[in-house]
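# Summary of structural features
Residues per chain are reported as follows:
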Amino acid sequence: TTIKFKPNSKYFESDQINLKELKHLLKAKAVLCPGLTIDFHYEKKKEKIKWFYEDGLKSYLEDASADIDLILEESILSSKDSETQEVEFVINWSNKPSKNKLDETYVNLIPTAQGGSHLNGFKSGLLEALKEFCEYRSLLPKGLKINAEDVIANAIFVVSSKMQNPQFAGQTKERLDSKDHMLFVSSSTKDVLSIWFNKHTEEGEKIAELAIISAQARA
């Protein structure tokens, strides 16, 4: 099957295809479907690119953070599903702030640039797990409170949700608005990371230190 199309300038501001965005979308499909190979051929410039990620999100994060000083030697990868929904995420932290750090979210392979329910649930679960870890080990300075933004300030992550009948905030589908999914992602994330922090106390303390530094700077 061959499909050909050409943008009509009557309906679009420009009839030129944004190649940078197109490449990113195609690459994302390969990332979110482990084992799938996607070939991109730009005949005009004789450009050819092949995307293949055998390990999906984990391979993608490692590739995107090759030049970043990461805290964890092995990124945290998790996947949980039910009859109607699924969430998969990978996360690591950089020792120093990075402008080009990876922080992407997807729903049913659709990029959600504005985040939404799945991102909020992910941040909520991550915050609760880290707060629980900090309180148990008495890591927080008296009177200091950390929030979700402190926890992900140096985080590098990808969150991919799959679900039936997702509700989006607009026609462009850039923001997920499915409230029930937020609770599912939050509990799934907290369960996984609570166990991880308790098994990796040294790395957990480094991550907590980054969140504390962020909270102190905010205060």
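Every value quoted in this text rests on a predicted model; they were computed, and no experiment measured them.

Reading the values: the criteria
- Residues numbered from 1 in each chain as written.
- Predicted model: local features only at pLDDT ≥ 70, side-chain atom pairs only at ≥ 80, totals over all residues.
- Heavy atoms only, no water.
- Patch = residues over 30% accessible without salt bridge, like charges linked within 9 Å, V, L, I, M, F, W, Y side chains within 5 Å.
- Areas by Shrake-Rupley, 256 points an atom, 1.4 Å probe, with all protein chains shown as cover.
- Salt bridge = Lys/Arg side-chain N within 4 Å of Asp/Glu carboxyl O.
- Helix = DSSP H or I, 4+ residues; strand = E, 2+ residues; numbered from the N terminus.
- Phe/Tyr/Trp six-rings, centres within 6.5 Å; stacked < 30°, edge-to-face > 60°.
- Buried < 20%, exposed > 50% of the residue type's maximum accessible area, 1.4 Å probe, protein only.
- Expected span 1.5 Å × (residues − 1).

To continue, consider a nonpolar patch on the surface. A cluster of nonpolar residues, Ile-3, Phe-5 and Ile-17, forms a patch on the protein surface that exposes about 380 Å² of accessible area. Positionally, Phe-5 belongs in the segment before helix H1 (19-32).

Centre-to-centre distance and the angle between the planes together describe a pair of aromatic rings. According to the stated counting rule, one finds 6 aromatic pairs in the structure shown. Ring geometry for Phe-133 and Phe-197: centres 5.4 Å apart, planes at 25°, overall stacked. Taken together, the residues Phe-133 in helix H3 (residues 117-136) and Phe-197 in helix H5 (residues 179-199) connect sequence positions 64 residues apart. The exposure class assigned to Phe-133 is buried, which follows from its relative accessible area of 3%. Ring pairing ties together the aromatic residues Phe-89, Phe-122 and Phe-157, which thus form one cluster.

Each α-helix turn comprises 3.6 residues. Residues three or four places apart therefore point the same way. End to end, helix H6 (residues 201-218) covers 25 Å across 18 residues, agreeing with the expected 26 Å (1.5 Å per residue, within 8%). Every buried residue belonging to H6 is among Gly-204, Ile-207, Ala-208, Leu-210, Ala-211, Ile-212, Ser-214 and Ala-215, and all of these are buried.

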